[in-house]
Amino acid sequence: ETWFSRKPRLAGKRVVVTAGGTIERLDPVRYLTNDSSGKMGFAIAEAARAEGADVTLIAGRTTAKLVDNSVRLVRVESAEDMLREVTARYPDADIVVKAAAVADYRPVHRSESKIKKKGEQLTLELERTTDILATLGSRKTGQFLVGFAAETDNVEHYAMDKLQRKRLDLIVANDVTQEGAGFNVDTNAVAIYGPEGLVDKMPVSAKRAVAERIIDHIVARAGGKEA
Ligand code: CTP
Ligand code: CA
(Lines give C-alpha, C1' and ligand atoms only; values in the text may rest on other atoms or scores of the structure.)
(Ligands and ions follow the chains in the order given, each with its own letter.)
Protein backbone atom coordinates (compact mmCIF):
# COMPACT_ATOMS: atom_id res chain seq x y z
CA GLU A 1 0.00 0.00 0.00
CA THR A 2 1.28 3.41 -0.98
CA TRP A 3 0.66 6.78 0.57
CA PHE A 4 -1.76 7.87 -2.15
CA SER A 5 -4.02 4.85 -2.34
CA ARG A 6 -6.19 3.28 0.28
CA LYS A 7 -7.94 -0.05 -0.01
CA PRO A 8 -11.60 0.54 -0.92
CA ARG A 9 -13.47 -0.57 2.17
CA LEU A 10 -16.70 -1.65 0.47
CA ALA A 11 -15.24 -3.51 -2.53
CA GLY A 12 -17.44 -6.47 -3.45
CA LYS A 13 -20.41 -5.11 -1.50
CA ARG A 14 -23.76 -4.46 -3.14
CA VAL A 15 -25.29 -1.29 -1.77
CA VAL A 16 -28.81 -0.02 -2.45
CA VAL A 17 -29.60 3.58 -1.52
CA THR A 18 -32.96 5.34 -1.79
CA ALA A 19 -33.21 9.11 -2.03
CA GLY A 20 -35.61 11.95 -2.65
CA GLY A 21 -39.30 12.36 -2.10
CA THR A 22 -41.98 10.15 -3.52
CA ILE A 23 -44.76 11.52 -5.71
CA GLU A 24 -48.31 10.34 -5.13
CA ARG A 25 -50.57 11.36 -8.02
CA LEU A 26 -54.08 12.74 -7.77
CA ASP A 27 -54.48 13.15 -11.51
CA PRO A 28 -52.19 13.56 -14.56
CA VAL A 29 -51.09 17.07 -13.53
CA ARG A 30 -51.23 17.07 -9.72
CA TYR A 31 -49.49 15.18 -6.96
CA LEU A 32 -48.59 15.10 -3.27
CA THR A 33 -44.92 15.21 -2.34
CA ASN A 34 -42.60 16.62 0.34
CA ASP A 35 -39.59 18.89 0.79
CA SER A 36 -36.88 16.23 0.44
CA SER A 37 -34.13 17.33 -1.98
CA GLY A 38 -32.51 13.90 -2.28
CA LYS A 39 -29.07 15.40 -1.61
CA MET A 40 -28.33 13.26 1.46
CA GLY A 41 -29.08 10.01 -0.36
CA PHE A 42 -27.10 11.03 -3.44
CA ALA A 43 -24.11 11.89 -1.21
CA ILE A 44 -24.34 8.48 0.50
CA ALA A 45 -24.53 6.66 -2.83
CA GLU A 46 -21.43 8.45 -4.11
CA ALA A 47 -19.54 7.96 -0.83
CA ALA A 48 -20.31 4.21 -0.96
CA ARG A 49 -19.19 4.07 -4.60
CA ALA A 50 -15.96 5.85 -3.67
CA GLU A 51 -15.31 2.94 -1.28
CA GLY A 52 -15.60 0.49 -4.18
CA ALA A 53 -19.16 -0.73 -3.61
CA ASP A 54 -21.52 -1.66 -6.43
CA VAL A 55 -24.18 1.01 -5.87
CA THR A 56 -27.77 1.26 -7.05
CA LEU A 57 -29.50 4.55 -6.25
CA ILE A 58 -33.29 4.48 -6.34
CA ALA A 59 -34.46 8.06 -6.51
CA GLY A 60 -37.80 9.79 -6.36
CA ARG A 61 -38.31 13.52 -6.89
CA THR A 62 -34.98 15.24 -6.41
CA THR A 63 -32.97 18.32 -7.30
CA ALA A 64 -29.68 16.46 -6.78
CA LYS A 65 -27.38 15.44 -9.63
CA LEU A 66 -25.02 12.49 -9.80
CA VAL A 67 -21.39 13.45 -10.29
CA ASP A 68 -20.18 9.83 -10.40
CA ASN A 69 -21.90 8.09 -13.32
CA SER A 70 -20.74 4.68 -12.18
CA VAL A 71 -23.59 4.77 -9.66
CA ARG A 72 -26.58 2.94 -11.18
CA LEU A 73 -29.57 5.32 -11.09
CA VAL A 74 -33.17 4.08 -11.08
CA ARG A 75 -35.87 6.77 -11.13
CA VAL A 76 -39.21 6.15 -9.45
CA GLU A 77 -42.33 8.14 -8.65
CA SER A 78 -44.53 6.63 -5.97
CA ALA A 79 -43.91 4.76 -2.73
CA GLU A 80 -45.23 1.63 -4.47
CA ASP A 81 -42.70 2.06 -7.33
CA MET A 82 -39.93 2.50 -4.79
CA LEU A 83 -41.08 -0.57 -2.83
CA ARG A 84 -41.00 -2.65 -6.02
CA GLU A 85 -37.54 -1.49 -7.12
CA VAL A 86 -36.01 -1.90 -3.66
CA THR A 87 -37.49 -5.30 -2.87
CA ALA A 88 -36.40 -6.64 -6.28
CA ARG A 89 -32.77 -5.90 -5.34
CA TYR A 90 -33.03 -6.80 -1.67
CA PRO A 91 -32.13 -10.51 -1.77
CA ASP A 92 -28.77 -9.72 -3.42
CA ALA A 93 -28.01 -6.59 -1.41
CA ASP A 94 -25.46 -6.44 1.41
CA ILE A 95 -26.30 -2.95 2.63
CA VAL A 96 -29.48 -0.89 2.20
CA VAL A 97 -29.64 2.78 3.14
CA LYS A 98 -33.13 4.31 3.08
CA ALA A 99 -32.63 8.06 2.90
CA ALA A 100 -35.79 8.64 0.85
CA ALA A 101 -38.69 10.63 2.24
CA VAL A 102 -41.45 8.17 1.45
CA ALA A 103 -45.04 9.42 1.52
CA ASP A 104 -46.96 7.92 4.44
CA TYR A 105 -50.29 8.36 2.63
CA ARG A 106 -51.45 8.39 -0.98
CA PRO A 107 -54.76 9.39 -2.56
CA VAL A 108 -57.28 6.54 -2.49
CA HIS A 109 -58.49 7.54 -5.95
CA ARG A 110 -56.25 8.51 -8.84
CA SER A 111 -58.14 10.19 -11.63
CA GLU A 112 -57.13 9.36 -15.20
CA SER A 113 -58.29 12.80 -16.35
CA LYS A 114 -57.67 16.22 -14.83
CA ILE A 115 -59.94 16.83 -11.84
CA LYS A 116 -62.24 19.81 -12.53
CA LYS A 117 -63.06 22.25 -9.78
CA LYS A 118 -66.49 21.95 -8.26
CA GLY A 119 -67.90 23.50 -5.08
CA GLU A 120 -66.12 25.53 -2.39
CA GLN A 121 -64.38 22.66 -0.63
CA LEU A 122 -62.60 19.51 -1.68
CA THR A 123 -61.84 16.66 0.68
CA LEU A 124 -59.07 14.27 -0.32
CA GLU A 125 -59.27 10.71 0.87
CA LEU A 126 -55.87 9.22 1.63
CA GLU A 127 -54.70 5.73 2.51
CA ARG A 128 -51.49 4.44 4.07
CA THR A 129 -48.61 3.42 1.84
CA THR A 130 -46.51 0.35 2.61
CA ASP A 131 -43.64 1.03 5.00
CA ILE A 132 -40.74 -0.02 2.77
CA LEU A 133 -38.14 -0.09 5.52
CA ALA A 134 -40.33 -2.12 7.89
CA THR A 135 -40.96 -4.56 5.05
CA LEU A 136 -37.21 -4.95 4.50
CA GLY A 137 -36.65 -5.34 8.25
CA SER A 138 -39.16 -8.18 8.44
CA ARG A 139 -37.47 -10.00 5.53
CA LYS A 140 -33.84 -9.67 6.59
CA THR A 141 -31.47 -12.41 5.45
CA GLY A 142 -28.22 -10.85 6.58
CA GLN A 143 -28.55 -7.41 4.97
CA PHE A 144 -27.29 -4.42 6.95
CA LEU A 145 -30.21 -1.95 7.15
CA VAL A 146 -29.84 1.79 7.68
CA GLY A 147 -32.81 4.10 8.11
CA PHE A 148 -33.33 7.81 8.55
CA ALA A 149 -35.59 9.72 10.88
CA ALA A 150 -36.52 13.36 10.39
CA GLU A 151 -37.97 14.65 13.63
CA THR A 152 -39.00 17.97 15.14
CA ASP A 153 -39.00 16.85 18.80
CA ASN A 154 -38.05 13.90 21.03
CA VAL A 155 -35.44 12.92 18.43
CA GLU A 156 -33.73 10.14 20.40
CA HIS A 157 -36.99 8.56 21.53
CA TYR A 158 -38.54 8.45 18.04
CA ALA A 159 -35.29 7.37 16.38
CA MET A 160 -34.78 4.44 18.76
CA ASP A 161 -38.42 3.47 18.39
CA LYS A 162 -38.06 3.36 14.57
CA LEU A 163 -34.78 1.42 14.80
CA GLN A 164 -36.42 -1.23 16.97
CA ARG A 165 -39.75 -1.45 15.14
CA LYS A 166 -38.14 -1.67 11.69
CA ARG A 167 -35.26 -3.92 12.87
CA LEU A 168 -32.55 -1.53 11.68
CA ASP A 169 -28.82 -1.83 12.29
CA LEU A 170 -28.34 1.95 12.29
CA ILE A 171 -30.59 4.99 12.18
CA VAL A 172 -29.54 8.49 11.22
CA ALA A 173 -31.67 11.09 12.94
CA ASN A 174 -31.89 14.74 12.18
CA ASP A 175 -33.75 17.46 13.99
CA VAL A 176 -35.29 19.32 11.06
CA THR A 177 -36.03 22.38 13.22
CA GLN A 178 -32.28 22.96 13.58
CA GLU A 179 -30.65 25.59 11.36
CA GLY A 180 -28.66 23.92 8.57
CA ALA A 181 -30.24 20.49 9.06
CA GLY A 182 -32.55 18.42 6.95
CA PHE A 183 -34.48 19.27 3.82
CA ASN A 184 -33.33 21.33 0.85
CA VAL A 185 -29.96 22.48 2.20
CA ASP A 186 -26.42 21.29 1.49
CA THR A 187 -25.68 20.65 5.15
CA ASN A 188 -27.08 18.38 7.81
CA ALA A 189 -26.67 17.84 11.55
CA VAL A 190 -27.24 14.25 12.57
CA ALA A 191 -27.14 11.85 15.45
CA ILE A 192 -26.50 8.20 14.64
CA TYR A 193 -27.98 5.42 16.77
CA GLY A 194 -27.37 1.68 16.82
CA PRO A 195 -29.30 -0.97 18.73
CA GLU A 196 -27.23 -0.04 21.80
CA GLY A 197 -28.16 3.66 21.61
CA LEU A 198 -26.26 6.80 20.57
CA VAL A 199 -23.21 5.98 18.45
CA ASP A 200 -22.17 9.36 17.06
CA LYS A 201 -23.27 12.96 16.95
CA MET A 202 -22.18 15.41 14.22
CA PRO A 203 -22.48 19.19 14.21
CA VAL A 204 -23.78 20.97 11.10
CA SER A 205 -21.60 19.65 8.26
CA ALA A 206 -21.64 19.27 4.47
CA LYS A 207 -23.88 16.39 3.41
CA ARG A 208 -20.89 14.70 1.77
CA ALA A 209 -19.02 14.75 5.11
CA VAL A 210 -22.12 13.37 6.86
CA ALA A 211 -22.34 10.68 4.16
CA GLU A 212 -18.70 9.69 4.68
CA ARG A 213 -19.22 9.43 8.43
CA ILE A 214 -22.28 7.21 7.91
CA ILE A 215 -20.18 5.03 5.58
CA ASP A 216 -17.46 4.81 8.28
CA HIS A 217 -20.01 3.39 10.72
CA ILE A 218 -21.38 0.99 8.12
CA VAL A 219 -17.85 -0.24 7.32
CA ALA A 220 -17.09 -0.70 11.02
CA ARG A 221 -20.25 -2.71 11.57
CA ALA A 222 -21.01 -4.44 8.26
CA GLY A 223 -17.87 -4.19 6.18
CA GLY A 224 -15.65 -6.27 8.44
CA LYS A 225 -16.34 -9.61 6.82
CA GLU A 226 -14.58 -10.43 3.56
CA ALA A 227 -16.89 -10.40 0.54
N1 CTP B 1 -39.94 4.80 5.31
C2 CTP B 1 -40.21 3.82 4.38
N3 CTP B 1 -41.49 3.64 3.90
C4 CTP B 1 -42.49 4.45 4.34
C5 CTP B 1 -42.22 5.46 5.28
C6 CTP B 1 -40.93 5.62 5.75
O7 CTP B 1 -39.30 3.08 3.99
N8 CTP B 1 -43.71 4.26 3.83
C9 CTP B 1 -38.57 4.94 5.81
C10 CTP B 1 -37.87 6.22 5.43
O11 CTP B 1 -37.18 6.07 4.20
C12 CTP B 1 -36.89 6.43 6.59
C13 CTP B 1 -37.59 5.79 7.75
O14 CTP B 1 -38.60 4.93 7.20
O15 CTP B 1 -35.67 5.76 6.39
C16 CTP B 1 -38.22 6.74 8.71
O17 CTP B 1 -39.08 7.60 8.05
P18 CTP B 1 -39.94 8.61 8.90
O19 CTP B 1 -40.89 9.35 8.00
O20 CTP B 1 -39.01 9.40 9.77
O21 CTP B 1 -40.72 7.62 9.87
P22 CTP B 1 -42.14 6.93 9.81
O23 CTP B 1 -41.93 5.52 10.23
O24 CTP B 1 -42.82 7.17 8.52
O25 CTP B 1 -42.92 7.66 10.99
P26 CTP B 1 -43.52 9.17 11.09
O27 CTP B 1 -43.47 9.80 9.72
O28 CTP B 1 -44.90 8.97 11.59
O29 CTP B 1 -42.62 9.87 12.08
CA1 CA C 1 -43.09 9.23 7.54
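Residues numbered from 1 in each chain as written. Chains lettered and ligands numbered in written order. Predicted model: local features only at pLDDT ≥ 70, side-chain atom pairs only at ≥ 80, totals over all residues. Heavy atoms only, no water.

Looking at an unreviewed UniProt entry, one finds the protein named Coenzyme A biosynthesis bifunctional protein CoaBC, with Paenibacillus methanolicus as its source organism.

### Overview of the nonpolar core
Our working definition: Within this scheme, the nonpolar core is defined by two criteria: the residues are buried Ala, Val, Leu, Ile, Met, Phe, Trp, Tyr or Cys, and they are joined through side-chain atoms within 4.5 Å. Accessible area is worked out with a 1.4 Å probe on protein chains only. A residue is then buried under 20% of its type maximum, exposed over 50%, and partly exposed in between. A run of H or I in DSSP counts as a helix once it spans at least four residues, and a run of E counts as a strand once it spans at least two, with each numbered from the N terminus. The contact criterion used throughout is that any non-hydrogen atoms of two residues lie within 4.5 Å.
Ranked by internal contacts, the top residues of the largest apolar core, which has 35 residues, are Ile44, Ile214 and Ile218. Every element with two or more residues in this core is listed here: β1 (14-19), α1 (39-50), β4 (54-59), β6 (95-98), β9 (144-151), β10 (170-175), β12 (190-194) and α5 (207-222). Look past the residues within four positions of Ile44 in its chain and what remains in contact with it is Val17, Val97, Phe148, Ala211, Ile214 and Ile215. Met82, Leu133, Leu145 and Val155 belong to the second-largest nonpolar core, a separate cluster that totals 25 residues.

### Describing the site of ligand 1
To keep things clear, this is the line we draw: When at least one non-hydrogen atom of a residue lies within 4 Å of a molecule or strand, that residue is treated as near it. Contacts described as polar in this section are N or O atom pairs within 3.5 Å, which, within protein, must combine one atom able to donate a hydrogen with one able to accept it, while residues neighboring in sequence count only if both atoms come from side chains. Surface accessibility follows the Shrake-Rupley procedure with a 1.4 Å probe radius. Residue values consider only the protein chains on display as shielding.
The environment of ligand 1 is made up of 16 residues, and the closest members are Lys98, Ala100, Phe148, Lys162 and Lys166. At 2.8 Å, a backbone N or O of Ala100 approaches an oxygen atom of ligand 1. At a separation of 2.9 Å, an oxygen atom of ligand 1 approaches a polar backbone atom of Leu133. Starting from 570 Å² of accessible surface for ligand 1 in isolation, the protein chains cover 77%. Secondary structure elements with two or more residues in the shell around ligand 1: α3 (132-138) and β9. By residue number, the principal contributor to the shell around ligand 1 is β9, which donates four residues.

### Thoughts on the side chain of Thr129
Among the structural elements, Thr129 can be located in the loop between β8 (126-128) and α3. Residue contacts for Thr129: discarding those within four places in its chain leaves Ala79, Ala103, Asp104, Tyr105 and Arg106.

### A look at the confidence of the model for the protein
Detailed reading of the predicted model is not advised wherever pLDDT is low. Going by this rule: Every residue is assigned a pLDDT by the predictor, reflecting its confidence on a scale from 0 to 100.
Of the residues in the protein, 96% have a pLDDT of 70 or more, and the chain-wide mean is 94. Among the prediction metrics, the complex's ipTM stands at 0.98, with pTM recorded as 0.95.

### Let's talk about α1
We apply this condition: A helix is expected to span 1.5 Å multiplied by its residue count minus one.
In a regular helix each residue adds 1.5 Å, so 12 residues correspond to 16 Å; α1 covers 16 Å between its end C-alpha atoms and thus fits that length. Among the residues of α1, those classed as buried are Met40, Gly41, Phe42, Ala43, Ile44, Ala45, Glu46, Ala47 and Ala48. Downstream of α1 by one or two residues, Gly52 has phi in the positive range, about 90°.

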